[in-house]
Amino acid sequence: MPDRTGPDPRHSNAHAAVYDRGRPPYPQVLWDRLGELGVLSAGTRVVELGAGSGQATGPMVSAGATVTAVEPGPALAALLQERWPEVTVHVGTAEAVELPDAAFDLAVVATAVHWFDLPVVLPKLHRTLVLGGHLAVWRTAFGNPAAPVTAFRERVSQIVARRTQAPGRAGPGETDTASWVRRLTASGHFVTAHVEEFAWTIELTTAQVRDLFTPLIVMRRSAGAR
Ligand SMILES: C[S@@+](CC[C@H](N)C(=O)[O-])C[C@H]1O[C@@H](n2cnc3c(N)ncnc32)[C@H](O)[C@@H]1O
């Protein structure tokens, strides 16, 4: 079983439009760094796994990359395809999708690696990447532990704590970067090239915060329903 440290992935699909509205984009510094590292530029052939509605896909298309996106949620995949018709979209899981050998320069996993069965997915990515190809994995973690605690943040922490305590979702926490690096390199299919954490700020409206958490709240309630 894959390790699970978040809500059931089917819920983001069931609430695709709400999810899409609430999900924040990634900061420009991330895209700048991928460019500086020489892993993403015009013409890069990218396979993105767990692409959702395309928060990471769009900037890669804008950078001139050719993107193949894999997303199991049909509603999310449809949103992505509508927005970026030039992307090749596979509706399916990272575990089940068939990818050609040595076809991509870069594999991207944005806030989705916690869902994957890594012993299945890592060898597959190794095969589908060219020699010298890269796997870039990143994740948004909400709440800077160094920032002052406000009533709002306290309430969000309570909600997040309830969510991560759900049974069957063991695995490193979202800020436990060292453990994720160990997991991603343990099989020997990949070695670490670069690890970095970015602290950044985004202002969300009340409606966006509600959208961001709505699928989580629905997920909690259905877990106990008969
Ligand atoms: C938090 S969302 C991130 C979406 C997008 N990459 C982003 O950065 O906003 C996680 C995504 O992973 C997808 N997912 C869950 N399990 C998956 C699996 N086994 N294979 C591929 N994608 C999966 C979910 O459907 C969801 O769209």
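Residues numbered from 1 in each chain as written. Predicted model: local features only at pLDDT ≥ 70, side-chain atom pairs only at ≥ 80, totals over all residues. Heavy atoms only, no water.

Lining the immediate surroundings of the ligand are 20 residues, of which Tyr-26, Gly-50, Glu-71, Ala-94 and Glu-95 lie closest. Between the ligand and Ala-94, the relevant distance is 2.8 Å, taken from a nitrogen atom to a main-chain nitrogen or oxygen of the residue. Relative to its free-state accessible area of 590 Å², the ligand is covered by the protein chains to the extent of 94%. Classifying every residue of the shell around the ligand by side-chain character gives 11 nonpolar, five polar and four charged. (Near = heavy atom within 4 Å. Polar contact = N/O pair within 3.5 Å; in protein donor to acceptor, adjacent residues only side chain to side chain. Areas by Shrake-Rupley, 256 points an atom, 1.4 Å probe, with all protein chains shown as cover. Nonpolar A, V, L, I, M, F, W, Y, C, P; charged D, E, K, R; others polar.)

Before going further, it helps to spend a moment on the nonpolar core. Grouped together as the largest cluster of nonpolar side chains are 24 residues, with contacts concentrated most on Trp-31, Leu-34, Leu-40, Val-46, Met-60, Val-87 and Trp-138. Secondary structure elements with two or more residues in this core: helix H3 (28–36), helix H4 (57–62), strand E2 (66–71), helix H5 (74–83), strand E4 (104–110) and strand E5 (129–138). Among all residues touching Leu-34, those that are not within four sequence positions of it are Val-39, Leu-40, Ala-136 and Trp-138. Judged by nonpolar contacts, the second largest core, of 22 residues, contains Phe-104, Ala-112, Leu-118 and Leu-125. (Core = buried A, V, L, I, M, F, W, Y, C linked by side-chain atoms within 4.5 Å. Buried < 20%, exposed > 50% of the residue type's maximum accessible area, 1.4 Å probe, protein only. Helix = DSSP H or I, 4+ residues; strand = E, 2+ residues; numbered from the N terminus. Contact = heavy atoms within 4.5 Å.)

This part covers the sheet that holds strand E1 (residues 45–49). A sheet is described by the order of its strands in space; here five strands give the open sequence E3-E2-E1-E4-E5, paired in parallel fashion. Only two strands of the sheet have a single neighbouring strand rather than two, namely strand E3 (88–91) and E5. Taking each pair of neighbouring strands and ignoring which way they run, the sheet shows an average axis angle of 20 degrees. In the sheet, E1 pairs with E2 via five bridges, with the strands oriented parallel. Across the sheet, the residue bridging to Val-47 is Thr-68, located in E2. (Pairing = 2+ DSSP bridges. Axes fitted to C-alpha atoms, helices over the stretch in contact; angles between N-to-C directions.)

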